[in-house]
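# Tertiary structure, described
Chain by chain, the residues run as shown.
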Amino acid sequence: MRKEKMAAGGVGAGTTYSMGLNLLLLVAMVATNILSLYHLSSSHRLFSSPTSPPLPLSSDQAPEHLLRQLHTIRATISHLSHLHTHPSDTSSSSPPPPPELLLLSRLSAISSACASHPTLLRQYMNYTPFSPCPTSSSSLAESLLLRGCHPLPRRRCFSLLPTSNPSSLSNTQDPNFLSVRSTLDLSVPQLLRLARISGAAPINLALDVAGGSGSLAAALRRASNTTVLTTTLNLGHPFSQTAASRGFVPLHSPLQSRFPVQDGVLDLVRTGHAVNRWIPIPVLEFLVYDVDRVLRPGGLLWIDHFFCKGVDLDPVYRPLVSRLGYRTIKWAVGDKKDNGGVKNREVYLTALLQKPFAA
């Protein structure tokens, strides 16, 4: 009973506080209108005559004491409006931020995109420091990443260990980059030959976007001793463990973020199957222009099995790529023949494009 009375008293106090704010706002607005009318009428009498046309009013003509009073009232209205529109600042109904979020906000910058989604951010940062990270955190992390919250702000908990051992795949060779089954495929020997013909060779440093288990990296290392950085788009993907077991560094890099690479240093960038029509056009534009940033002059962009609806290829995606001004070395289009491709009338695009050489 006592708790119910206290709760009722809290509700009544909150209601009284809100009514008081509304009353103060009303009084302040009325006072502002009265002073404004007085200002207009007095200025009219001072600076105009019955026979002359009205003169435009300016702040130079207004009495100083009226301007000070108007400024004070407007500042009061602004302050009261802030209190009125942020009731959580004066009410205990909203839970306080998690301690880890408060600590991080004092020590490091938090992405504005993270702060734009406070509910997800509070849930993600609500964990016990120095203990295992919550098992349900991966879905929250992906939700934040898809909304542009990167890097993720969590710091002081132990990541969950992988349950599988990928070492059995570390020495296997993926035939996808060693042989050609259709015009959409591009094998590593073909790639190196085209690079030599175009003057882009040698390929010493490459980036494989959505590179999966590191198959391209393994094939290029065997063929030309190329160093390949492999990025994944999803957190905790099992392919990342396979790539690591092969001796490659699996970088996690959401498409909304810049590649963690300096400008103009890469000889090749490949985009894998995960880069497709389901990615919004602005994000694809971010991607291709960041590719241009990291490629050296004469470097190669390899679009590998990008798929989209056939009707969208020429009006939407071809112009997006053409705006780069790259030379086309290979451009192959073919039907996507799985169930989803047939149903949606989708096509594959494989293209090899070369960034212009420096003038």
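Residues numbered from 1 in each chain as written. Predicted model: local features only at pLDDT ≥ 70, side-chain atom pairs only at ≥ 80, totals over all residues. Heavy atoms only, no water.

## Some remarks on the overall build of the protein
Each helix and strand counted, the protein has 12 helices and 7 strands in total. When each of the 359 residues of the protein is scored for burial, the buried share is 38%. Restricting to contacts in the protein with at least 6 residues of sequence separation, those with at least 24 account for 72%. Only carbon and sulfur atoms are counted for the fraction: they give 60% of the accessible area of the protein, which is about 21000 Å². (Helix = DSSP H or I, 4+ residues; strand = E, 2+ residues; numbered from the N terminus. Buried < 20%, exposed > 50% of the residue type's maximum accessible area, 1.4 Å probe, protein only. Contact = heavy atoms within 4.5 Å. Areas by Shrake-Rupley, 256 points an atom, 1.4 Å probe, with all protein chains shown as cover.)

## Things to note about the packing of aromatic side chains
Applying the stated rule across the entire model yields 3 aromatic pairs. Ring centres of phenylalanine 307 and tyrosine 348 lie 6.3 Å apart, and the angle between their planes is 90°; this geometry places the pair in the edge-to-face category. Placement of the pair is phenylalanine 307 in strand 5 (residues 295–309) and tyrosine 348 in strand 7 (residues 346–354), with a sequence separation of 41 residues. Owing to a relative accessible area of 12%, phenylalanine 307 belongs among the buried residues under this scheme. A cation sits over an aromatic face here: arginine 154 above tyrosine 124, 3.9 Å from the ring centre. Seen from the ring of tyrosine 127, arginine 154 lies directly overhead, with NZ or CZ sitting 5.0 Å from the centre. (Phe/Tyr/Trp six-rings, centres within 6.5 Å; stacked < 30°, edge-to-face > 60°. Lys NZ or Arg CZ within 6 Å of the ring centre and 35° of its normal.)

## As for the sheet that holds strand 7
An order of 3-2-1-4-5-7-6 is seen for the 7 strands of this open sheet, with the pairing classed as mixed. The open sheet has two edge strands, strand 3 (250–252) and strand 6 (327–335), and neither has a second partner. Ignoring which end each strand starts from, the neighbouring axes of this sheet average 15° apart. Alignment of strand 4 (residues 266–271) against strand 5, held across 5 bridges, turns out to be parallel. Looking across to strand 5, one finds that leucine 266 is bridged to leucine 295. (Pairing = 2+ DSSP bridges. Axes fitted to C-alpha atoms, helices over the stretch in contact; angles between N-to-C directions.)

## Notes on the pairing of strand 7
Each regular strand carries side chains that alternate between the two faces of the sheet. Strand 7 sits mainly inside the fold: 9 of its 9 residues count as buried. What you see with strand 7 is no split at all: Glu346, Tyr348, Thr350, Leu352 and Gln354 on one side and Val347, Leu349, Ala351 and Leu353 on the other are buried throughout. Relative to strand 7, strand 5 runs antiparallel, the two sharing 8 bridges. Note on strand 7: the bridge partner recorded for isoleucine 303 is alanine 351.

## Section: helix 5 (residues 118–125)
Of all the residues in helix 5, the buried ones are Leu120, Leu121, Tyr124 and Met125. Down the axis of helix 5, the sector holding all buried residues measures 120°, keeping them to one side. (Arc of directions from axis to C-beta.)

## What about the side chain of threonine 231?
Following the sequence through the fold, threonine 231 ends up in strand 2 (residues 227–232). Contacts of threonine 231, omitting those with residues within four sequence positions, involve Leu207, Asp208, Val209, Ala210, Gly211, Leu251 and Ser253.

## What to know about unusual backbone geometry
A positive phi angle, close to 65°, is found at phenylalanine 130, a residue other than glycine. With respect to the helices and strands, the residue phenylalanine 130 is situated in the loop between helix 5 and helix 6 (137–146). Judged by its relative accessible area of 61%, phenylalanine 130 falls in the exposed class. One non-glycine residue with positive phi stands out, namely arginine 345, at about 55°. Relative to the elements of secondary structure, arginine 345 occurs in the loop between helix 12 (339–344) and strand 7. For arginine 345, a relative accessible area of 70% puts it in the exposed group.

## Digging into the state of the cysteines
This model, assessed by the stated rule, comprises 2 disulfides. Here cysteine 133 is linked by a disulfide to cysteine 157, with a sulfur-sulfur distance of 2.0 Å. On the S-S bond that ties cysteine 133 to cysteine 157, the torsion sits near 90°, and the link is right-handed. Taken as a pair, cysteine 133 in the loop between helix 5 and helix 6 and cysteine 157 in the loop between helix 6 and helix 7 (188–198) lie far apart in primary sequence, 24 residues in all. With respect to burial, cysteine 133 and cysteine 157 carry one shared label: buried. (Disulfide = S-S within 2.5 Å.)

Note that all results are geometric; they support no functional claim without further evidence.
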